[in-house]
Every structure is written in structure tokens, then in C-alpha cells.
Amino acid sequence: MNKLERVLTALDGRQPDRVPTFSMLFDGKPIDDALGRPHPRVFRVLEIPFVQKLADRTTWLWNTLAHPNLGGAAFFYNALRADFKLGFDAGLAMYYGFRVIDHQELRDISGRRYQFTDDGFGGIYAMYKEGLITDPGAWKTFEKMDPHRYARGVRLFFSFLNWIWGGKIALVACVGASLHQDITEGMGFTNFVRWSRKDPGFLRDIIEYKVELAVEAIRAVGQSGVKVVWLGDDLAYRSGPMLSPAMLEDLFGDGYRRIAEAAHNGGCRIVFHTCGNVLDLLTMIADWGYDGVQALEPTAGVTLAEARRRIGDRLCLIGNVDITHTLVDATREEVFDEVRGCIRDGARGGGYIVSSTNTHNAISARNLRWMVEATEEYGRYPIDIA
Amino acid sequence: MGEHLETVKKAIVDLELEDIEKIVSSALDAGEEPQAVLDAMCAGMGSVGELFDQGEYFLVDLVLAGEVMKEGLKVLEPLLEAESMGQKGTVVLFTVKGDVHDIGKNLVGTMLSTSGFKVVDLGVDVPKEKVVDAVREHSAQAIGMSVLLTSMVDSISDVVSALSAAGLRDGVKIAIGGACTTQQLADKMGVDALGRDAVEAVRIFESLCGS
Ligand code: B1M
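Residues numbered from 1 in each chain as written. Chains lettered and ligands numbered in written order. Predicted model: local features only at pLDDT ≥ 70, side-chain atom pairs only at ≥ 80, totals over all residues. Heavy atoms only, no water.

1. Some remarks on the sheet that holds strand E3 (residues 98-100) of chain A
Residues and elements named next belong to chain A. Put simply, the rule reads: Pairing between two strands is assigned when DSSP locates at least 2 bridges connecting them. To qualify as a helix, a DSSP run of H or I must reach at least 4 residues; to qualify as a strand, a run of E must reach at least 2; elements of each kind are numbered from the N terminus. Every angle, taken between N-to-C directions, lies between 0 and 180 degrees, and every axis is a line fitted to C-alpha atoms, over only the stretch in contact when it is a helix. Whether two residues touch is decided by their heavy atoms; if any such pair falls within 4.5 Å, the residues are in contact.
Across the sheet, which stays open at both edges, the four strands sit in the order E3-E4-E5-E6 with antiparallel pairing between neighbours. The open sheet is flanked by E3 and strand E6 (124-131), the only strands paired with a single partner. Direction aside, neighbouring strands of the sheet carry axes that sit 30° apart on average. Judged from the three bridges that link them, strand E4 (residues 105-108) and strand E5 (residues 112-118) form a sheet pairing that is antiparallel. Paired with Arg107 across the bridge in E5 is Arg113. Across the sheet, helix H8 (residues 180-187) lies against E5 and E6, angled at about 75° from E6, the strand it touches most.

In C-alpha cells, the structure reads:
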């Protein structure tokens, strides 16, 4: 089996030759470490007043250089190179619409405001600060991205990456447009909660716009030849779902269904990424038509055995490898033990992919490699782990 | 509890964001004491907490209940004795340097302020210097730190050291909370308590501030 076949077989809930591995890497430090190159300590340059002034006067240049089809494509070209070097079967690439405002600030197409900070290792990190679409007035004047224009960018981005990486790794496409997460962060969670009570119609307007954007963009992914779509949309926290299942279904259910349908109509499988304790939402995610669910955070109390017990073979389970210790500073033996446990509990009969639950800059490239090696050691079918 | 106070309590439990001001005003017009109205609201909040524990209410309902409390307090605040607002002590609350997760912190802040604490919310990604300044300026009795990222846990000890260096550590109690915190971490970082959720956070600060 090649990598793509292995991944698609698992996503279909069937048994490939070996449990596949998926990389969610999009943070600069582990990518640079995996590629064996220094992580550029450029943030301090941004602290020089002259550079700040210069940057403020040349934002058009930064917006050109950092455009998803230029800087973004170059970044994910390298992220996929790192995934490939580490031996992953599948790797994530994200198309993301944003605009640099000045040397301090970035805004995205969902109304999030970010601030440039040190990534903890001297590099630059865009840190989420707040949402700008705080009320219907702000939504009215908010400059909305045209879904067709956005989709053109998405098509170009993934066609390029697929042309380069297509045969070497299974590309997983994120189109930078989700529902619950984009909306709650684009207005702030408290505002979202207030509007859900005061004027759900306002929320429905935004949701409809986001669904159209996501559907067009996902259609473009299908046209680019990429076969797997990843929707990053946190619905839970460590104690369970943030919204009641009824509210989730009422506000977002139709949108999530249309997004899944768009992926399937374009010949793609679609994976739902959500952090937190999602056990109570698994059935719903399967009902919406998703092929897999990714993250399955052990620190939020999710075990693969319980997830499997609840959902059977209706969803491919992806993740459950811890990012607080295991993929940060654990020993080789600890990483092997954890991956072994994941495969034992999640992989029997197929429908499981090994991956981290999320990514951050303190994740170690060395530990990711161990995770891949452990999967190669324990993940051959038939699984034989006591 | 009389009929008007029952209505106030029920409005909190039913998350009546639009009507709470009216309901609180009616209770006052009917002759209820401001403090009694506040107590009824707090009782409502207690029931919300129970419904949350029973799995009837979700995070979104808890946050909404906090917002309803805030709206009700807008009417009550000018009428309550200055001491009964913030009487339980002053808490400086923030999410640590390098971390922007604020949903939990905001919820803790709402619960504390609606339970009688004065809350100085410094926001997210807060440097230690700002904490020291705020503790000094507001003569705070306690600090609440929200931490969700394992990579940022050292920010906790940075704050503890900065407070010691400023000679303020002995006069202030410190509690932490958030997705990546454990009792082991609290012990290691030299803080006084760990809060697992917003309801527990209130109890902890009550005991830390000696109320
Ligand atoms: C004494 O004082 C006290 C007392 C009690 C206190 C207290 C203080 N603070 C909290 N409490 C307690 O009371 C509250 C009420 O019950 C509770 O608060 P909580 O904050 O726990 O709960 C809130 C009510 C709801 N919970 C939340 O809001 C957090 C939910 C999850 C899904 C989450 C979210 C939503 C987000 N995230 Co992020 N996020 C995750 C979270 C998963 C999880 N398991 O929690 C977590 C925390 N995130 C993580 C990561 C990795 C990241 N996130 C990031 C970003 C984000 C969003 C911006 C997308 C968003 C935050 C939006 C916002 N405005 O806050 C990035 C970091 C950004 C940064 N620098 O901070 C990024 C690095 C991802 C990336 N590569 O970009 C993980 C951290 C892992 C780790 N241990 O280090 C994570 C556990 C998810 C995972 N899959 O593992 C209690 O803990």
C-alpha cells in the first residue's frame, strides 16, 4: 500500500497494511528541528524601533510576501518536508486568509485580531488576542471575503503542494474556515453566548456566510486533487462539550452536514478536529457525515477504548498521543509505550491513525520520530499486542 | 424566600438575560432589601452550578448565567453598601505570559465578582511586572492564575519569584487553575491552592482570604 491508500483505508474504517501516522505540525520550531536547520531568532529584529517604523510603512510588501499563496505555500512546503523526513504517512497544510495591519498586529478573515510575539524560541508567533465582530454593527461593516475568490486561492495553494508532495505523502487540507471556533473567537466567547440568547439570527447570518466560504473552499480542494480535508473546530474543553448537543445541532448541525457533503461530493474524505473531551459528541459528528475525528485528548479524559466503545466503527479515530509530556520531553521508552497502548486500544480491525492531539512549539521533532517508529514497530496488521 | 425573591432566583436559573434588570427592579420596587435580592441571585447561581454538575447545563449556560448576574448587579450595585461589593477581598486575576486562553479565566472572574470579591482582571499573556504592580496598587489579598499551556507553566514560578523579590509574597495568597494544572504542579511552583473549576475557585478564594 502507498501512503495515501493506507490513510484512505483507515479513514474508511477498514484495515490497511499498517496503522498510518498523521502529522499536525504547523509550528516553526519543531519544523526547523526536524529539518535540522536553525530556528531563526527574528523576533528581536521586530523590537528595533527603526524596523517597526519601516514595517509599518511597508505593510503592502508584508501582505504580498506573507500571502497564503506565497509565504504560506513556502511555509507548508517546509512543514510537509519535515513530515516527510520524519516518516509520516499524512501531513497537514493550511490555507489561511489574513492581513498584516502593522508591525504588531494581524487580522484574519474571521475577525480575529492577533499580536506578533516571541514564540518562546526567538521566532515570531501570531498570538490570538480578541474578536472584532462583537455585535451586528461590527458584522455589517466587517469586510467579508468573497467565497469564490477565496476558493481560487485555495485551489492554487493545494494544487501546488499536491504537485510537489502528492506522491510522497498523503496531503491533508485545512481551508482556514470553520464554524463554531471561527465564530466564537471572531467575536469572543462571552459575546457569542450573549448573542445566542439575545439574537440567534445574528449568529445564523455569520454561520451561513462561513458555511458558504467553507463549502466553496472545500470544493476547490477536491479540484486540486487532494483527497483528505481537515476541519479544525474545537467543540469541547477538558470537562466536555462547550455547548449542549441540542444547541450545537440547532445552530451548527446543518452547516456541518453541508461541509461534509461538499467534501464527499468533491471526492474527499473529511476529518473533524476538536480538542477537549468529545466523547459525548462522537455520535453527532458521525451523524453529520464525517469520516474521522482527530485529537482525542487524553488529558481531557478521552481514551481510545471508550471512544471505540461509544462509536464503534462509524468514525476513524485519529490521535490520542499526548502533547503535554509524551511528545515534549518523554523518553523513547515512554513514547513507545504510549503508542503501543494507543494501537492496542484503537487500531484493532482498522479505523485508527496515530497522531498527536495538537501541536505547539515545545513539541520535539525527536519524539515525533519515535512516535512514527513505534507505529512501524507495533502497527502492522494483524495487531498482536497483549 | 418571598415571591419576588423567588422570581429573581428563577430568572437567574432560567438565564433571563433580557429581563433580569426589570425583574430585579420590580423586586426592589416591591420593597425587598438590595442585600436580599443579591442573596436570591446568588442562590440562583448556586442552582445553576448544581444543574451544571448534573449535566443539565453546559459551559455555555454557566457563562450566560454569569452574564445574567452581571446585568442584575448593574441595578443593585449603586444601592448596595460599598462594603458588600468586594467585601470578601481583592483578587488579581489573569492568564499567564505566553498563554491567551481566556474563557475559563473570564468565567472564574465572573463567579468571583458575583460572589462578593473585587476582581482586578489583567487579561491574558500577562508579564510578571504587571502582576506585581497590580498587587501593590490594589492591595490585593490573592492572585488567581489561569494556565492552559504546559509550555508556559514556568510563568507561574516567575510570578511567584517576582512577588518575593518585591517583598509582597507573604501578604498575598496564590491559586492556579486551567487545563494543564495539577496539585503536583501547584506544589512544585510554590503556590497556595489549585482550583479545578470556577465554583471551586470561589470556595478557594473564600478560604484563602479568610472570609
Ligand atoms: C485560581 O484561579 C483559577 C481557578 C480555576 C481556573 C482558573 C484559574 N482558570 C481556569 N480554571 C478552571 O475553571 C474554569 C471553569 O470551570 C476551567 O477553565 P478552562 O480554561 O479549563 O475551561 C474553560 C471554561 C473552557 N476551556 C477552554 O476554553 C480551552 C479549550 C481548548 C479546546 C482550547 C481552546 C478553546 C483554544 N486554544 Co488551545 N485549547 C485547548 C483546550 C482543550 C482543553 N482540554 O481544555 C488547549 C489548552 N490548547 C492547546 C494548545 C496546544 C493550543 N491552544 C491554542 C489556541 C487556542 C485557541 C485560541 C484556538 C482557543 C482559545 C480561545 C480563548 N479565547 O480562550 C494555541 C496556543 C495559543 C496561546 N499562546 O495561548 C495552541 C498552542 C495551538 C496552536 N498550535 O496554535 C492544548 C494545550 C496542551 C498543553 N497542555 O500544553 C489544549 C489542552 C488542547 C489539546 N489538544 O491538547 C478550569 O480549568
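Still more ground to cover, so stick around.
2. Quick look at the sheet that holds strand E5 (residues 193-195) of chain B
Residues and elements named next belong to chain B. Across the sheet, five strands lie side by side as E2-E1-E3-E4-E5; this open sheet has parallel pairing. The open sheet has two free edges, formed respectively by strand E2 (118-121) and E5, since each of these has just one partner strand. Pairs of neighbouring strands in the sheet enclose a mean axial angle of 25°, with direction left out of account. Examined bridge by bridge, strand E4 (residues 173-177) and E5 share three bridges and lie parallel to one another. Bridging from a neighbouring strand, Gly177 pairs with Gly195 of E5. Across the sheet, helix H5 (residues 103-113) lies against strand E1 (90-95), E2 and strand E3 (142-146), angled at about 170° from E1, the strand it touches most.

3. Comments concerning the packing of H5 of chain B against helix H9 (residues 198-208) of chain B
Residues and elements named next belong to chain B. Test applied: Our angle categories are set so that under 35 degrees counts as roughly parallel, over 145 as roughly antiparallel, 65 to 115 as roughly perpendicular, and the remainder as oblique. Two helices cross in a left-handed way if the nearer one is turned anticlockwise from the farther one by less than a right angle. They cross in a right-handed way if the turn is clockwise.
Orientation of H5 relative to H9, taken along the N-to-C sense of each, is 50°, at an axis distance of 9 Å. When the axes of H5 and H9 are compared, the pair comes out oblique. Crossing of H5 over H9 shows right-handed handedness. Where H5 approaches H9, its residues Leu107, Val108, Met111 and Leu112 are matched on the opposing element by Ala198, Val199, Ala201, Val202 and Phe205.

4. Things to note about the environment of Gly144 of chain B
Residues and elements named next belong to chain B. Its location among the elements puts Gly144 in strand E3. Taking the C-alpha atoms as reference, Gly144 lies 9.1 Å from Gly109; in sequence the two are 35 residues apart. Beyond its immediate stretch of four places on either side in the chain, Gly144 contacts Val91, Val92, Leu93, Phe94, Ala175 and Phe205.

5. A closer look at the side chain of Thr181 of chain B
As a reminder, the rule being used: The buried label applies to any residue whose accessible area, calculated with a 1.4 Å probe on protein chains only, is under 20% of its type's maximum; exposed applies above 50%, and partly exposed to all values in between. Pairing of N or O atoms within 3.5 Å defines a polar contact, subject to two protein rules: one partner must be a possible hydrogen donor and the other a possible acceptor, and residues neighboring in sequence count only if both atoms are side-chain atoms.
Structurally, Thr181 of chain B is set in the loop between E4 and helix H8 (183-189). Accessibility expressed as a relative area gives 6% for Thr181 of chain B, which makes it buried. Of note is the side chain of Thr181 of chain B, whose polar atom sits 2.7 Å from the backbone oxygen of Gly178 of chain B. Those residues in contact with Thr181 of chain B, other than ones at most four positions away along the chain, are Arg238 of chain A together with Val147, Ile176 and Leu194 of chain B.

6. Structural notes on H8 of chain A
Residue and element names in this part refer to chain A. A large share of H8 lies buried, amounting to seven of its eight residues. Those residues of H8 that fall on the buried side of the exposure criterion are His180, Gln181, Asp182, Ile183, Thr184, Gly186 and Met187. Backbone geometry just after H8 places Gly188 at a positive phi near 90°.

7. Topic: the domain arrangement of chain B
Residue and element names in this part refer to chain B. What counts is decided by this rule: Domain ranges listed in this record stem from an automatic or a database domain assignment. Reported buried area values correspond to the accessible surface (1.4 Å probe) lost by two parts on association, with both partners' losses combined. Salt bridge criterion: a side-chain nitrogen from Lys or Arg within 4 Å of a carboxyl oxygen from Asp or Glu.
Per the domain assignment, the segments of chain B are domain 1 (3-80) and domain 2 (84-208). Look at where the C-alpha atoms of domain 1 and domain 2 centre, and you get two points 26 Å apart. Of the roughly 930 Å² buried where domain 1 meets domain 2, counting both sides, 80% is carbon and sulfur surface. Across the contact surface, domain 1 and domain 2 share zero salt bridges. For the pair domain 1 and domain 2, the interface holds zero residue pairs in polar contact (both at pLDDT 80 or more). Sorting the residues of the side of domain 1 that touches domain 2 by element identifies helix H3 (34-53) and helix H4 (59-76) as the ones contributing at least two each.

8. Things to note about the site of the ligand
Inclusion rule: Only heavy atoms are used to decide nearness, and a residue is near a molecule or strand if one of them lies within 4 Å of it. Throughout, the ten residues Ala, Val, Leu, Ile, Met, Phe, Trp, Tyr, Cys and Pro are labelled nonpolar, Asp, Glu, Lys and Arg are labelled charged, and all others, Gly among them, are labelled polar.
Close to the ligand lie 48 residues, the nearest being Thr359 of chain A together with Val100, His101, Ser146 and Thr150 of chain B. Those residues lying near the ligand are distributed over chains A and B. At a separation of 3.3 Å, a nitrogen atom of the ligand approaches a polar side-chain atom of Asp27 of chain A. Glu297 of chain A places a polar side-chain atom, nitrogen or oxygen, 2.9 Å from a nitrogen atom of the ligand. Sorting the residues of the shell around the ligand by element identifies E6, H8 and strand E9 (236-237) of chain A together with H5, E3, E4 and H9 of chain B as the ones contributing at least two each. Per-element tally for the shell around the ligand: the top contributor is H5 of chain B, with four residues. Of the residues in the shell around the ligand, the class split is 24 nonpolar, 15 polar and nine charged.

9. So, the coordination of the cobalt atom of the ligand
Filter applied, for reference: Because water is not among the atoms used, a metal site may look incomplete, as its donors are only the N, O and S atoms within 2.8 Å, or 3.2 Å for Na, K and Ca.
Coordination of the cobalt atom of the ligand by the protein involves just one donor, His101 of chain B (NE2), at a distance of 2.3 Å. Assignment of secondary structure puts His101 of chain B in the loop between E1 and H5.

10. Looking at the packing of helix H9 (residues 189-198) of chain A against H4 of chain B
Interhelical geometry of H9 of chain A versus H4 of chain B gives an angle of 85° and a closest axis separation of 9 Å. Taken together, the axes of H9 of chain A and H4 of chain B lie roughly perpendicular to each other. For the pair H9 of chain A and H4 of chain B, contact is made by Phe189, Thr190, Val193, Arg194 and Arg197 of chain A and by Leu59, Val60, Val63, Leu64, Glu67 and Glu71 of chain B, respectively. The residue makeup of the contact of H9 of chain A with H4 of chain B, split by class, is six nonpolar, one polar and four charged.

11. Things to note about the pairing of strand E11 (residues 269-274) of chain A
Residue and element names in this part refer to chain A. The test is simple: Think of it like this: strands point away, you trace from the first strand over the helix to the second, and a clockwise trace means the crossover is right-handed.
Among the six residues that make up E11, six are buried, leaving the element largely enclosed by the rest of the structure. Pairing geometry for strand E8 (residues 228-232) and E11, over five bridges, is parallel. The residue of E11 that forms the bridge with Trp230 is Val271. Pairing of E11 with strand E12 (residues 292-295), which is carried by four bridges, proceeds in the parallel orientation. Among the inter-strand pairings, Val271 is bridged to a residue of E12, identified as Gly292. Note that the unit made of E11, helix H12 (residues 282-287) and E12 has a crossover that is right-handed.

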